[in-house]
Amino acid sequence: MKRWLRPITPIIAALFIVTACGGSTPSAGGSAAPSAAGSAATSAAPEDKELVFYSGGDTNVQDLHTKQIIPAFEKATGIKVTFTFLEHGTGAQGIYDRIKAQKDTGKAQWDIDLWESDTGYYTRPDDLFLQVGASDIPNLAKVPKPTLDFVQNKAIPYRGSSVVLAYNSDKVTNPPQTYDDLLAWIKANPGKFAYNEPSTGGSGDAFVISMIYKYSDYQKYVTQPFSAANEKDWDAAFAALKALAPSLYSKGVYPKGNAGTLDLLNRGEIWMGSVWSDQSTQALAAGQLPKSVKITQINPAFNGGAAYIGITKNATHKQAAMKYLNFLLEPAQQSLIVTGAMSGYPGIDWQYMPSDARTRFSGADKEYRLWPGGTYGQDMQRLWHEKVAQ
Amino acid sequence: MAAQVPALPAIRLTWWIDDARIRRMLLRLFAAALAVFIGIPLLTLVLWSFAGEWFWPNLIPTQWSLRWWQEVLENPRVTNAMFLSFTIAPVVTLLTALVAIPAGYAFARLDVPFRRTLLLLFLIPNAFPRIGLYVSLAVLYYQIGLIDTYWGIVFLHMIGTMVYMTWITTATFRSIDPHLEEAARDAGASPLRAFFSVVLPLAMPGIIVASLFSFLASVDEAQGTLIVGTPHYITMPVLLYTLISSFQRPVAAVFSVLLALPSLLLLIVAQRYLHSEYVAAGLGRV
Amino acid sequence: MAVVTSARAVGRPRRRDRSRVAGVLLVLPSLLYLTVFVFIPVIKAFATSFTVRDRDDAGNYTYRVGLDNYNQLIASDTLRSNVIFTVFIAVASVAIVFVIAYVIALALRFGRGPSARFLGRIYIVPLFIPSVIASYAMITFLANHGFVDGILQAIGLPDGAFPKIVFDWKGIVITQVWLSLPFMTVLLSSVLLEISDSLIESARDVGASSWQIFRHIVLPLSAPGALIGVTFIFLGVIGGFTVPYLLGPNAPQMLGVSMVYYMTNYFEPYIASTQAVAIFLLSLVAAVYYVRQQFKREIR
C-alpha cells in the first residue's frame, strides 16, 4: 500500500500533477501498458461469464486475489476472471486515463470492469465509477457506513488497516486506553515513546492527527470539503506536540519511516509507539518483533483507511463485478484477509467476523477514525516541520 | 624561488615536528586513529550481517547466525539488483567515455569556440543539486517515454559521470606534450592514427582514473534511479535505500556488505592506478 | 611550437579552421547530452521558481509570476535556517577534510616508515563504499546505544552522556568527511608531488625547520591546487541528499533534503525549485572559482 513506499508514490503522484500544471500530460499508457483481456467484450448477456479486474499495490494484495479469492470465486460461480496487477500501484494514472478516454469517446461498454487503486480516484469529478448500494451488493449492509460515505458509495472497502498503539508488554502492564492517558504516560515515562517524522510514514502522521482532532472538531474533516480556516485550530495542537518533545525518545528525535519506530521498539529503545496494524502483525507473525510486543487501539481511535475496489460506470460485465464484490465481502473471504499474510482489517464490520479472526487483532478490533489527507495532509506535514521539529 | 626564512628564535611552538621520534609516534597514532575511523564502521556492518541476536548493551552479537545471508541470497530481487548495478555501471562508463573523451581532446587541443564558457557549463551538473535535476528529469522522461527503461537509467547515471570524464580527460590531454603528436603527423600519420598510437596510450592513466571515478559514481547512484527506475529497474543502492527504512538491521547490513564487496575487489585491482603519479598525470598536474 | 618541415606548413590557416570545425564536432555529442539532460531541466527549475502559487480558503490554486518564493526563502524561519544550516555543514565538512587529508598527503609525500605506507593503503577505501552504505555504517557506529557508545559505557561512561551525533549536524559532517577523504587526499598528494625535493632541501640547507618549510613553501605552493579540491568537495556536500537525509536532524534540514520534502510531501514544487536554485547560486560561487583556477593554470 501507499504508505509502505512513501518515498516513491508521492514523488510519482507529484510529478504527474506538476506535469499537468505544466500544460502537458503524459501520453496515456506511456507507463507500462498492461495486457488487456484481448477478447472482444461480451455483450450484456443475461449471465456474465467473464470479468476484467485491474489491481495494484503490494505483492500480498496480488497473492490474495490470484491465489485465494479468484480461484474460489471461479469455482463457485464459473465466471472467468482476467486479472492484471500493477506492482506497487505505479501506472495507476495511466489506467485512470484509459477509463476516462473511453468515457470521453462515448464508448457504451468499457473494457475494465473492476479497478482497485488509490481512494482519491473514485470520487473525482470525471464520474467514472458506479454508485452501488445494498440492493446491488447485499453484503454492503455489513460495511460500516462512514467508510462507504467516504467515497460516496462509488467503491467498496474490502479491507483496511489503521494505526494502533504497540507496546512492550514486559514493561507496560497496563497500556493507556485513551489518547489523554497516552499523553500522560509519555510524560511519566520520558524517552520511552516515539512517533516517526510525519512526512516519512503514516504511523507518525496518525499521532499528530490525533492531537489535531483533540483540538479541532473531527466532524469538520470527514463531512465537509477542505477549508483553510480549520487549520487555525492546529496552532494549539502543534504547541502541545512541541511541549511533548522533551519526553519523547532521545528528547525529541523522530525516526524516519514506519520501520523506524518498529526498529526502536524491536531493540528495546522505546516501550511504546504508534504503528500500522498490518505491518506490526505481519512482523510479529514472521518473528521479526519479540512476542512481548502487543497492539491495542485507543479511544478515540488512531486513524486508518480502507482499500477500495470500484466498478466502472459502464462496465461490460456489471453483474459479474457485483458478484465478485459480494463474494469478497463474505465473512469467509474476509477472514482470509484478517488471518492471512495480509493481516488486514475486514471491510465489513467486526461484529460479522468469526471469533478466530477477531482474536488476531484483539484489543484493536474496533472502528478506526478517518483522515481526509489531501491538502490537509500536505499542510499538516509542512506545519509540523515548521512548528514542532527541532 | 627561494623562501624568505625568518630569523630563528631559540624555542618554537612547533619544535616537535622536527623531532623524528615524536613525529613517528604521532604519525603512528594518526594512522591508528584513521584506521579506526575508516575501518570500524565497516566492521560493525559486517558484524550486524551475522547477528542472530544483538541487543544493547552487548558489544558483539550474543547470537551469531547465517539466517540473514540465506534470506538475502535466496531473494531473487537481490541478485537481480546486483546484476543490474554492475552491468549498468560499465555501460555508463563506456558511453560516457565515448562521448567525453573526444570532447576532452577537443578542449585540450583544438580551437573550440567559447571554450571557457563551455568548460564552465560542463561543471553545471555538479553545481546544480543533483536531486533537483532528477525530479525535473523524471517529468521529462514521462513525456518522452523514458521512464522505467534501461536507457533512461543509463542516461541519468551519465549526469554524474560526465563531469569527471570531461574535466579529467581535458587535463590529461593537456598534459601530453603536443610535440609528440605533431611529430607523428609530420612523419605521415593521419590525425586519427596519431591519436590512437601516440596520444591515447599516454593518456591512459588519466582515462583509467576517470573511468574508475565514473564507474563508482554509477554504482553509487540511488536517488535518481529510485525516481525513474521503479518499478522494473531496481539497482542495488535503490534496494538498499528502501531496506534501510525497513527495520531489520541485519538484512540491510548484509546488503551493504554485498554491495561493498565488488567495489572493494575493484579497489584491490585498481590499487596500482591510484598512485599519486598516475592521478597527477590524470589530473594534468593540477 | 614545433618546427614544421613538411608541406603542411602551407596549409596552416586551413588547418586552424578545420581545427575549429573538428573541435565543435567533437564537443557536440556531450554538449547535446548535457543540454537535454541538464541544461533544460535547470532552466525549467529557474522558471518554476518564479511561479508563485496562491491558495484560497477553499483550496483552489491560482498562479502568477513573482519573487514571492524567494522572499519566503529569506523570510520564513524554517527555510532561512535551512539555508544557513546547509552552508555551515558544507564549510565545516570541507575545512575538516582538508586538514585531515593534508596530514595524510604530507605523510605520503615526506614520510618514510610503515605508518606512511599504511596510510597510503587505507585512505582510499571510502572511495569504494557507496554513500548509502557509508551512512548506514556511521549510524550503527555512532548512534546513541551504538557501537562507540557501547564501548565508552563499558569503560565507565554513564548512560545518556554520549553526545547526539547521529540525527545531528555532527553526524552529517563526520560522514561527509569520511566520504570526501580519498578524493581530497589524492588531489593534495598530486599537488604536493609538484613541489620538488630540491626546493625543500635548499630550504633545509638554509636552516629552516619543518614547520617553516611547511608554512612558507609547501602551503603557499599547494594552495591553488588544494583550493580546487576544496571547491569540488564543497559542491558535492552543499547539494547532497543521501547523507543528510539519513544522518541529519529532523530540523533544520539541508536544502537538498528540504527540497525533496517540499516537492513530494508538501506538494510545493515551486518552493522546491526555489531551493534548488538557491543551492545552485551558492554553488556557483565555488564553481566559478574552480573554473578560473583551472584557466589560471592553463596560462602557465
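Note that the coordinates shown come from a computational prediction; the quantities given were computed from them, not determined experimentally.

Participant: Kindly report on the overall build of chain A, identifying the contributing residues and their values.
Facilitator: When helices and strands are counted, chain A shows 14 helices and nine strands. Here chain A holds 390 residues, and 51% of them are scored as buried. Considering only intrachain contacts with a sequence separation of at least 6, the fraction spanning at least 24 residues in chain A is 77%.

Participant: Give me the lowdown on the overall build of chain C, citing residues and values where you can.
Facilitator: Summing up its helical and strand segments, chain C has 12 helices and two strands in all. Along chain C, helices (α) and strands (β) appear in the sequence α-β-β-α-α-α-α-α-α-α-α-α-α-α when read from the amino end. A compact globule built from 300 residues should have a C-alpha radius of gyration of about 19 Å, whereas chain C, at 25 Å, is more than 25% larger. Counting the 300 residues in chain C, one finds 51% classified as buried. When contacts within chain C are restricted to residue pairs at least 6 apart in sequence, long-range pairs at least 24 apart make up 69% of them.

Participant: Just give me the short version of the pairing of strand E1 (residues 51–55) of chain C, but keep the residues and values in it.
Facilitator: All names here are of chain C. Here E1 pairs with strand E2 (residues 61–65) via five bridges, running antiparallel. For valine 52, the partnering residue across the bridge sits in E2 and is arginine 64. Between E1 and E2, which pair antiparallel one after the other, the connecting turn spans five residues, and glycine 59 there sits at a positive phi close to 90 degrees.

Participant: So, the interface of chain B and chain C: which residues are in play, and what are the values?
Facilitator: Many analyses report the size of an interface as the accessible area lost when the parts associate. Across the boundary between the two partners, chain B contributes 89 residues, which contact 92 residues of chain C. Counting residues per element, the side of chain B that touches chain C draws most heavily on helix H1 (residues 20–49) of chain B, which supplies 14 residues. Taken together, the residues that form the side of chain B that touches chain C break down as 66 nonpolar, 11 polar and 12 charged.

Participant: Please give an account of the interface of chain A and chain C that cites residues and values.
Facilitator: Facing the 22 residues of chain A at the interface are 17 residues of chain C. Among the secondary structure elements, those contributing two or more residues to the side of chain A that touches chain C are helix H1 (8–21) and helix H14 (374–387) of chain A. Looking at which element gives the most residues to the side of chain A that touches chain C, the answer is H14 of chain A, with six residues. Class assignment of the residues belonging to the side of chain A that touches chain C gives a composition of 10 nonpolar, eight polar and four charged.

Participant: Would you mind going over the environment of lysine 164 of chain C in detail, with residue names and values included?
Facilitator: If you trace the backbone, lysine 164 of chain C turns up in the loop between helix H6 (147–154) and helix H7 (169–193). With 16 C-beta atoms packed within 10 Å, lysine 164 of chain C lands in the partly exposed category. Separated by 20 residues in sequence, lysine 164 of chain C and asparagine 144 of chain C have C-alpha atoms that sit 6.7 Å apart. Excluding residues within four positions of it along the chain, lysine 164 of chain C makes contact with Ser250 of chain A together with Asn144 of chain C.

Participant: Give a detailed account of the packing of helix H3 (residues 77–110) of chain C against H7 of chain C, specifying residues and quantitative values.
Facilitator: Residue and element names in this part refer to chain C. Closest axis-to-axis distance for the H3/H7 pair is 6 Å, and the angle between their directions is 40 degrees. Judged by the angle between their axes, H3 and H7 are oblique. Where H3 crosses over H7, the handedness of that crossing is right-handed. Its residues assigned to classes, the contact of H3 with H7 shows 20 nonpolar, five polar and one charged.

Participant: An account of the nonpolar core is needed here, citing residue identities and associated values.
Facilitator: Within soluble globular proteins, side chains that are nonpolar generally end up buried alongside one another. Counting residues in hydrophobic clusters, the biggest one holds 295 residues, and the most contacted among them are Ala138, Leu240 and Phe255 of chain B. In this structure, leucine 240 of chain B is in contact with Ala252, Phe255, Ser256 and Leu259 of chain B together with Val132 and Ile133 of chain C, ignoring residues within four places of it in sequence.

Participant: Account for the confidence of the model for chain C, naming residues and giving values.
Facilitator: All names here are of chain C. Summary statistics for chain C give a mean pLDDT of 86 and a share of 91% for residues scoring 70 or more. The spread of mean pLDDT over the elements of chain C runs between helix H12 (residues 269–299), the lowest at 78, and H3, the highest at 94. The model gives residues 1–12 a pLDDT under 50, and that stretch makes six contacts with residues more than four places away or in other chains. Both scores are given for the predicted complex: the pTM is 0.82, the ipTM 0.85.

Basis of the calculations
- Residues numbered from 1 in each chain as written.
- Chains lettered and ligands numbered in written order.
- Predicted model: local features only at pLDDT ≥ 70, side-chain atom pairs only at ≥ 80, totals over all residues.
- Helix = DSSP H or I, 4+ residues; strand = E, 2+ residues; numbered from the N terminus.
- Buried ≥ 20, exposed ≤ 12 C-beta atoms within 10 Å, placed from the backbone.
- Contact = placed C-beta atoms within 7 Å.
- Rg over C-alpha atoms; globule rule 2.2 N^0.38 Å.
- Pairing = 2+ DSSP bridges.
- Nonpolar A, V, L, I, M, F, W, Y, C, P; charged D, E, K, R; others polar.
- Axes fitted to C-alpha atoms, helices over the stretch in contact; angles between N-to-C directions.
- Parallel < 35°, antiparallel > 145°, perpendicular 65-115°, else oblique.
- Left-handed = near helix turned anticlockwise from the far one by under 90°.
- Core = buried A, V, L, I, M, F, W, Y, C linked by C-beta atoms within 7 Å.
- pLDDT = per-residue confidence, 0-100.

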